[in-house]
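Residue strings, one per chain:
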Amino acid sequence: MAAEGGGNGLALYALRRLINAVPLVLGVVVVNFVLIALAPGDPVMSLIGEYPAPAEYVERVRQDFGLDKSVPERLWLYLVNVAKGDLGFSFANRQPVLDLLLQRLGRTLVLMLSTVVVASTVGLFLGVIAARKPGSVTDRGATGFALVGYAVPEFWLGQILILVFAVLLGWLPAGGFRSVRVEYTGLAAGLDMFRHMLLPMAALSFRYMAITTRLTRASLLEVMSSQYIVAARGRGLSENTILWRHALRAAALPVVTVIGYNFGFIVAGSALVETVFGWPGIGRLMYDSIYTRDYPVLLGILLFVSITVIAVNLITDAFYAVLDPRVRY
């Protein structure tokens, strides 16, 4: 970040960040490939299963998927193919990895974006009402909620939500992303997907809601004790005006940073929640790929997560200039 100003400052800054991201992504791909290649277990045996197979057949399968080559040879071929936009071929799903990821990407993005919006909105609101009257009942309630939310594991909360709202009360479906007995279309299909998404979204957003609440409260309390806030009180401005117009905007910078930081973790953390709820997204695909040692798919997902984190960090940095006029690129 630099104080350059000018209309093209942000575009030049984004271009520099994208250029710097190339060796970073390359390093991530190499490290992931080597770690997965050196991990114990044989993908071919996972593919064939426990049934006894002739050695010639096992060797032919190994050659078909290029697993008979050394790790450096496979790494070089993989890098060349990635540069061409080819992420490899899935052993378990028998289709190109890129096509497989694109099939699952939409469902994960819907769940991920909904989680970020809900967690950020509710977390900001709870953090503001907690910081408005420190030590009050609302502050203690919001702080206690944040403490519990930070401590509760997502997969455990997901199972509790299924037991309460799907099994005991029968209000919401226990899993999947749509009803299998009824074929909905149009708006009805969207509402049906929304009903299926409520429980996984609640399980996934609880922890990030708690983090946002704690950070918003801490950041606001620090800003509210600043000299310019004292001066604003001295000029007779109301507490609501000081809080919403001046303090919250100044306190938003670290909160925005954490929201962007959470985005990458939600992508990776969705694996457990999608598995618990049978949500057929990228997270569930990553779990299945680990189980079947389908390493081309696993490498493709890790590459997707890395690019997502870089892109969200870039967007977060650009958003700083909107929140704080002192930030120039």
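No experiment lies behind these values; they were computed from the predicted model shown.

*Asks:* Just checking my understanding: could you explain the overall build of the protein for this structure?
*Replies:* Assigned secondary structure in the protein consists of twelve helices and zero strands. Going residue by residue from the N terminus, the α and β elements of the protein occur as α-α-α-α-α-α-α-α-α-α-α-α. Taking the principal axes of the C-alpha coordinates as reference, the protein spans close to 85 × 55 × 40 Å. Counting over 329 residues, the protein shows a buried share of 41%. Here the analysis covers contacts within the protein between residues at least 6 apart in sequence; of these, 73% occur between residues at least 24 apart. Summing over all exposed atoms, the protein offers an accessible surface of approximately 18,100 Å²; the carbon and sulfur share of this is 67%. Distance between charge centroids for the protein: 12 Å, based on 27 positive and 21 negative side chains.

*Asks:* Whenever I open this one, empty space enclosed by the protein confuses me. Can you help?
*Replies:* It is a probe the size of a water molecule, rolled over the atoms, that shows where empty space is left. Applying the stated criterion across every chain yields a total of two cavities of 30 Å³ or more. Its volume calculated, the largest cavity comes out at about 40 Å³. Breaking the lining of the largest cavity down by element, the ones donating at least two residues are α5 (97–132), α8 (186–224) and α10 (239–277). It is α10 that contributes the most residues to the lining of the largest cavity, four residues altogether. Residue composition of the lining of the largest cavity, grouped by class: six nonpolar, three polar and no charged. Space inside the second largest cavity adds up to approximately 30 Å³. Lining the second largest cavity, in full, are R17, L18, A21, I310 and L314. For the lining of the second largest cavity, the elements supplying multiple residues, two or more each, are α1 (9–38) and α12 (295–323). It is α1 that contributes the most residues to the lining of the second largest cavity, three residues altogether. Its residues assigned to classes, the lining of the second largest cavity comprises four nonpolar, no polar and one charged.

*Asks:* Looking at this model, I keep getting lost on the pattern of salt bridges. Mind explaining?
*Replies:* Opposite charge on two side chains allows them to pair when their charged atoms are near. Evaluation of the coordinates by the stated rule reveals six salt bridges. Between R217 and D139 there is a salt bridge, with its nearest N and O atoms 2.6 Å apart. On the criterion of sequence distance, the pair formed by R217 in helix α8 and D139 in helix α6 (residues 137–151) is long-range, its members being 78 residues apart. With a closest N to O distance of 2.7 Å, R233 and E239 form a salt bridge. A relative accessible area of 35% places R233 in the partly exposed class.

*Asks:* What exactly am I supposed to notice about the nonpolar core here?
*Replies:* It is characteristic of soluble globular proteins that their nonpolar side chains tend to be buried jointly. By size, the foremost hydrophobic cluster in this structure holds 60 residues, and its most contacted members are L101 and I301. A total of ten residues in this core trace back to one element, the largest contributor, which is α12. Here I301 is in contact with L101, I282, L285 and M286, once residues within four sequence places are set aside. Grouped together as the second largest cluster of nonpolar side chains are twelve residues, L220, M224, A247 and A251 included.

*Asks:* Teacher, can you tell me more about the packing of aromatic side chains here?
*Replies:* For any two aromatic rings, the description comes down to two numbers: the centre-to-centre distance and the angle of the planes. If you walk through the whole model with that rule in mind, you get six aromatic pairs. With 5.5 Å between their ring centres and 35° between their planes, F33 and Y78 make a pair best called tilted. In this pair, F33 is assigned in helix α1 and Y78 in helix α4 (residues 71–83), connecting sequence segments 45 residues apart. No difference in accessibility class separates F33 from Y78, as the two residues are buried. When the ring of F177 is compared with that of W279, the centres are 6.3 Å apart and the planes differ by 75°; the resulting orientation is edge-to-face. Residue F177 is located in the loop between α7 (154–168) and α8, and its partner W279 is located in the loop between α10 and α11 (282–292); the two are separated by 102 residues in the primary sequence. Its end group placed over the ring of F177, R107 keeps NZ or CZ at 4.4 Å from the ring centre. A cation over a ring is seen here: R207 above Y150, with NZ or CZ 4.6 Å from the ring centre.

Conventions and cut-offs
Residues numbered from 1 in each chain as written. Predicted model: local features only at pLDDT ≥ 70, side-chain atom pairs only at ≥ 80, totals over all residues. Heavy atoms only, no water. Helix = DSSP H or I, 4+ residues; strand = E, 2+ residues; numbered from the N terminus. Buried < 20%, exposed > 50% of the residue type's maximum accessible area, 1.4 Å probe, protein only. Contact = heavy atoms within 4.5 Å. Areas by Shrake-Rupley, 256 points an atom, 1.4 Å probe, with all protein chains shown as cover. Lys, Arg positive; Asp, Glu negative; His and termini not counted. Charge placed at Lys NZ, Arg CZ, Asp CG, Glu CD. 1 Å grid on protein atoms, 1.4 Å probe; cavity = no way out; pocket = protein on both sides within 12 Å on 5 of 7 lines; lining within 4 Å. Points joined across faces, edges and corners; volume = space filled by probe spheres on them. Nonpolar A, V, L, I, M, F, W, Y, C, P; charged D, E, K, R; others polar. Salt bridge = Lys/Arg side-chain N within 4 Å of Asp/Glu carboxyl O. Core = buried A, V, L, I, M, F, W, Y, C linked by side-chain atoms within 4.5 Å. Phe/Tyr/Trp six-rings, centres within 6.5 Å; stacked < 30°, edge-to-face > 60°. Lys NZ or Arg CZ within 6 Å of the ring centre and 35° of its normal.

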